[in-house]
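Coordinate analysis (summary)
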Amino acid sequence: PVERIGGTARSKPGVDRVFARQAGREVRVMVLPDAVDDLAAQVLARDVAKQIEEELTYPGQIRVTVVRESRATEIAR
């Protein structure tokens, strides 16, 4: 089921990487910050969670976390 969970999230637009953690109890979805805004990240988390509920059978619950990160770095010399 862990591979299917990752595949579910990877099929969404704007997704860069997917990590299943804690034996598949948590899914981290890294999105491209230029392609996914804050609202879309929230919608994506809800969509992935709903799709997991509909397509997979598992005991307990699975947490879906969408990470949208941008960084700016400068070097002072």
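It should be emphasised that the depicted structure is a prediction, and the values quoted were computed from it without experimental measurement. (Residues numbered from 1 in each chain as written. Predicted model: local features only at pLDDT ≥ 70, side-chain atom pairs only at ≥ 80, totals over all residues. Heavy atoms only, no water.)

**Digging into the environment of R4**
By the secondary structure assignment, R4 is in helix α1 (residues 2–10). Once the C-alpha coordinates of R4 and L56 are considered, the two residues, 52 residues apart in sequence, prove to be 8.2 Å apart. Excluding residues within four positions of it along the chain, R4 makes contact with E55 and L56. (Helix = DSSP H or I, 4+ residues; strand = E, 2+ residues; numbered from the N terminus. Contact = heavy atoms within 4.5 Å.)

**A look at the pattern of salt bridges**
One pass over the structure, following the stated rule, counts four salt bridges. Notably, a salt bridge pairs R17 with D16, separated by 3.5 Å at the nearest N-O pair. Looking at D16, the relative accessible area reads 42%, which means it is partly exposed. (Salt bridge = Lys/Arg side-chain N within 4 Å of Asp/Glu carboxyl O. Buried < 20%, exposed > 50% of the residue type's maximum accessible area, 1.4 Å probe, protein only.)

**As for the pairing of strand β2 (residues 26–31)**
Counted residue by residue, β2 has five buried out of six residues, so it is predominantly covered. Remark: four residues form the turn of the hairpin made by strand β1 (residues 15–21) and β2, two consecutive strands paired antiparallel; Q22 in that turn has positive phi of roughly 50°. Following the chain from β2 across helix α2 (residues 38–55) to the adjacent parallel strand β3 (residues 63–68), one finds a crossover that is right-handed. (Pairing = 2+ DSSP bridges. Right-handed = clockwise from strand over helix to strand, strands pointing away.)

**Description of the sheet that holds β2**
Across the sheet, which stays open at both edges, the three strands sit in the order β1-β2-β3 with mixed pairing between neighbours. Among the strands making up the open sheet, the edge pair consists of β1 and β3. On average, adjacent strands in this sheet sit at an angle of 20° to one another, irrespective of strand direction. With six bridges connecting them, β2 and β3 associate as parallel partners. (Axes fitted to C-alpha atoms, helices over the stretch in contact; angles between N-to-C directions.)

**Structural notes on the nonpolar core**
Formed by 17 residues in total, the largest nonpolar core has its most connected members in V29, V31, L44, I52 and V66. Among the elements that make up this core, the one with the highest residue count is α2 (five residues). Excluding anything up to four places from it in sequence, I52 contacts I5, T8, Y58, I62 and V64. (Core = buried A, V, L, I, M, F, W, Y, C linked by side-chain atoms within 4.5 Å.)

**Focus on the side chain of E26**
Relative to the helices and strands, E26 resides in strand β2. Within the structure, E26 has its side chain in polar contact with the side chain of R28 (distance 3.0 Å). When sequence neighbours within four positions are dropped, the list of residues in contact with E26 reads F19, A20, R21, I62, R63 and T65. (Polar contact = N/O pair within 3.5 Å; in protein donor to acceptor, adjacent residues only side chain to side chain.)

Don't take any of this as a statement about function, it's just geometry.
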